[in-house]
Amino acid sequence: METTRSDIVVLFGATGDLACKQLIPALFTLHRRGELHVPVIGLARSVLSDDEFRLRVRACLMADERCRLDDGGFPEEDVDSFVRLLSYLSGDYTRPDTYKRLDQALTRFSNPLFYMAIPPDMFERVTQGIKNIYCSEQARLVIEKPFGRSKASAQKLNQTLYRCFPEEAIFRADHFLAMESVANLMTFRFANMFMQPLWSARYIQHVQIHMAEDFGVAGRGSFYDRTGVVRDVVQNHLFQVLGLLAMEPPLGTGHIIDALHNAQLDIFRNIRPVQPGHVVFGQFEGYRQEPGVAENSNTATWVAMRLHVDTSRWRGVPFYIRTGKCMPLTCTEATVTLRTEGLPPLDEGATPIPNTFRFRLYPDSLIAICAQGKRPGRTLGLESIELSAPTRTDAPATPYERVLADAIDGNHAVFTRVANMEAAWEIVDGILDPRQPVHLYQRGRWGPPQADSILQEGDRWVLPVMS
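So, here's what we can say about the structure. (Residues numbered from 1 in each chain as written. Predicted model: local features only at pLDDT ≥ 70, side-chain atom pairs only at ≥ 80, totals over all residues. Heavy atoms only, no water.)

1. Remarks on the pairing of strand β12 (residues 356-362)
Each regular strand shows side chains that alternate between the opposite faces of the sheet.
Part 1 of the reasoning: With six of seven residues buried, β12 is to be regarded as a mostly interior element.
Part 2 of the reasoning: Pairing of strand β11 (residues 331-338) with β12 involves six bridges; the strand directions are antiparallel. Looking at β12, one finds that Thr335 is bridged to Arg358.
Part 3 of the reasoning: With five bridges connecting them, β12 and strand β13 (residues 366-374) associate as antiparallel partners. In the strand pairing of β13, Phe359 is matched with Ile367.
Part 4 of the reasoning: Between β12 and β13, which pair antiparallel one after the other, the connecting turn spans three residues. (Buried < 20%, exposed > 50% of the residue type's maximum accessible area, 1.4 Å probe, protein only. Helix = DSSP H or I, 4+ residues; strand = E, 2+ residues; numbered from the N terminus. Pairing = 2+ DSSP bridges.)

Next up, the structure:
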């Protein structure tokens, strides 16, 4: 079905961190490529004139290496033309006069896009204010995660949004879905015939998803202490990766995007409730001394869990997720390890080495296959050979460029659907217990050693290695 493009972007939280570091550079890049043809209104509490806001935007762009020319110079002409698209409104989100002035600013427009780069506790008040704007019936709304703190709170948030917007006008942004490497993971799975017979419990021993970060809470102590690692990246980002790895081919007579969402939803609904012995939580040493963190905080900054997908394709195959902060490196990878049963004993006395598929999703994009070859010499010894290839990275759109461009176009491809979101919450609700034991681990380590307790017999962790 053909959709109407938004004719203006209204950025709530325009002076905040997310806007300065991600959204404004993304809008500028779209403008440089000739893909942004609409004006942008910034709205925030800070009292600024249009010119002062434009100067602030210019400073954000100057500080971002992605906005530089190939020779490192600053694209003055492009920036000048971009800031002419910008205007600014200052206002308190709780005051009706803020929305009256916004309504006046939108009198020439009919299809606004409202982007909520604001704390979740302001969503209800802002959506109610937007509802009273003349052109809100044709509006679209983009909201950022976290979408609630549990299934119940997510459902309550959705009920609030539905009082103001229909589902098709709501875009729940998860920038992970907009990453080129994540989309390529699904494409590699389904576009290559050699993958199809291997992708089942008959040949796969286990699947691991690692998201390691070598930094701490990066000045977000207050937010992170209320959120924790499961709400921050597991329930959304990493479950999306699990869904792409495990889902059935997206078939059907409808739109491919609906088929993708439905295929992932089937996986989420078939994930067995997480058993207490299948999850371990950790907190890096020194976390409680971070600004904004409670001195007795039990918030987990690290988690490892074992999940089981109870379908005929995956029955008996564990899916391991491990993620945390202050780890040895920053890297997101998924590794699929094949079984070794049935291989002839070519290397006498040696334990067979399994084949693996390795998908690096961040910071670069890589697909690798680990195979076995003959070690040079007179004996028939084996050695591992990794066949790897970086995926194409020539001028890819950054995730937030894709998020903004698709929202303006009305394309839901990289946005989270409400049923999938609620199904993901249902999986983790049972483990979000503030009384859970949280083990300390040293900075620069892979987490507490208790992580080994969730591994099935014969399994081991396959750690990301940056080449």
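Still more to cover.
2. Structural notes on the sheet that holds β13
Part 1 of the reasoning: The mixed open sheet is built from nine strands, whose spatial order is β14-β13-β12-β11-β7-β10-β9-β8-β16. Sheet topology places β14 (382-390) and β16 (438-441) at the edges, where each strand pairs with a single neighbour. Across the sheet, the mean angle from the axis of one strand to that of its neighbour is 20°, orientation sign disregarded.
Part 2 of the reasoning: As defined by bridge partners, strand β7 (residues 204-212) adjoins β11 across eight bridges and the pair is classed as antiparallel. Considered in β11, the bridge of Ala212 is made with Cys331.
Part 3 of the reasoning: Packing of helix α8 (residues 221-246) onto the sheet brings it into contact with β7, β8 (279-284), β9 (302-308), β10 (318-324), β11 and β12, and relative to β10 it is tilted by some 145°. (Axes fitted to C-alpha atoms, helices over the stretch in contact; angles between N-to-C directions. Contact = heavy atoms within 4.5 Å.)

3. Some remarks on the environment of Asp7
Part 1 of the reasoning: Relative to the assigned elements, Asp7 resides in the segment before β1 (8-12).
Part 2 of the reasoning: Sequence-distant contacts of Asp7, defined by excluding residues within four places in its chain, comprise Val38, Pro39, Phe109, Ser110, Asn111 and Pro112.

4. Some details on helix α3 (residues 76-83)
Part 1 of the reasoning: Those residues of α3 that fall on the buried side of the exposure criterion are Val79, Phe82 and Val83. Summarising the axial view, the buried residues of α3 lie within an arc of 90°, below the 170-degree limit, and thus occupy one face.
Part 2 of the reasoning: Of the surrounding secondary structure, the elements contacted by the buried residues of α3 are α1 (17-32), α2 (50-62) and β3 (86-90). (Arc of directions from axis to C-beta.)

5. A word on the pattern of salt bridges
Part 1 of the reasoning: Taken as a whole and assessed by the stated rule, the structure comprises 27 salt bridges.
Part 2 of the reasoning: Between Arg58 and Asp80 there is a salt bridge; the shortest N-O distance is 2.6 Å. Of this pair, Arg58 sits in helix α2 while Asp80 is found in helix α3, placing the two residues 22 residues apart along the sequence.
Part 3 of the reasoning: Between Arg360 and Glu333 there is a salt bridge, with the nearest N and O atoms lying 3.0 Å from each other. Highlighted residues: Arg360 in strand β12 and Glu333 in strand β11, separated in sequence by 27 residues.
Part 4 of the reasoning: Counted as one network, the salt bridges with shared partners bring together Glu333, Arg358, Arg360, Asp364 and Glu386. (Salt bridge = Lys/Arg side-chain N within 4 Å of Asp/Glu carboxyl O.)

6. Here we look at the state of the cysteines
Part 1 of the reasoning: Across all of its chains, the model carries one disulfide by this definition.
Part 2 of the reasoning: In this model Cys20 forms its disulfide with Cys60; the gap between the sulfur atoms is 2.1 Å. Because the sign of the S-S torsion sets the handedness, a value of about -115° for the bond joining Cys20 and Cys60 places this disulfide among the left-handed ones. With Cys20 in helix α1 and Cys60 in helix α2, this pair connects stretches of sequence that are 40 residues apart.
Part 3 of the reasoning: Judged by its relative accessible area of 23%, Cys20 is partly exposed.
Part 4 of the reasoning: You can call Cys60 buried: its relative accessible area is 9%.
Part 5 of the reasoning: The thiol of Cys370 is unpaired, and the distance to the nearest cysteine sulfur, on Cys331, comes to 16 Å.
Part 6 of the reasoning: Residue class for Cys370 comes out buried when judged on its relative accessible area of 12%. (Disulfide = S-S within 2.5 Å.)

7. Topic: the sheet that holds strand β15 (residues 415-416)
Part 1 of the reasoning: Taken together, the seven strands give an open sheet; going across it, the order is β3-β2-β1-β4-β5-β6-β15, and neighbouring strands pair in mixed fashion. Two strands lie at the open edges of the sheet, namely β3 and β15, each paired on one side alone.
Part 2 of the reasoning: Both β1 and strand β2 (residues 40-44) contribute to a ladder of four bridges, which runs parallel. Among the inter-strand pairings, Phe12 is bridged to a residue of β2, identified as Leu43.
Part 3 of the reasoning: Strands β2 and β3 of the sheet are contacted by α2, whose axis makes an angle of about 115° with β3.

8. Focus on the nonpolar core
Part 1 of the reasoning: With 152 residues, the main nonpolar core has Phe12 and Phe359 as its most contacted residues.
Part 2 of the reasoning: Among the elements that take part in this core, α8 stands out by supplying twelve residues, more than any other.
Part 3 of the reasoning: Phe359 has contacts with Leu185, Phe188, Met195, Trp199, Leu245, Thr332, Glu333, Ala334, Val336, Leu366 and Ile367, leaving out every residue within four places of it along the chain. (Core = buried A, V, L, I, M, F, W, Y, C linked by side-chain atoms within 4.5 Å.)

Read these as geometric descriptors, not functional statements.
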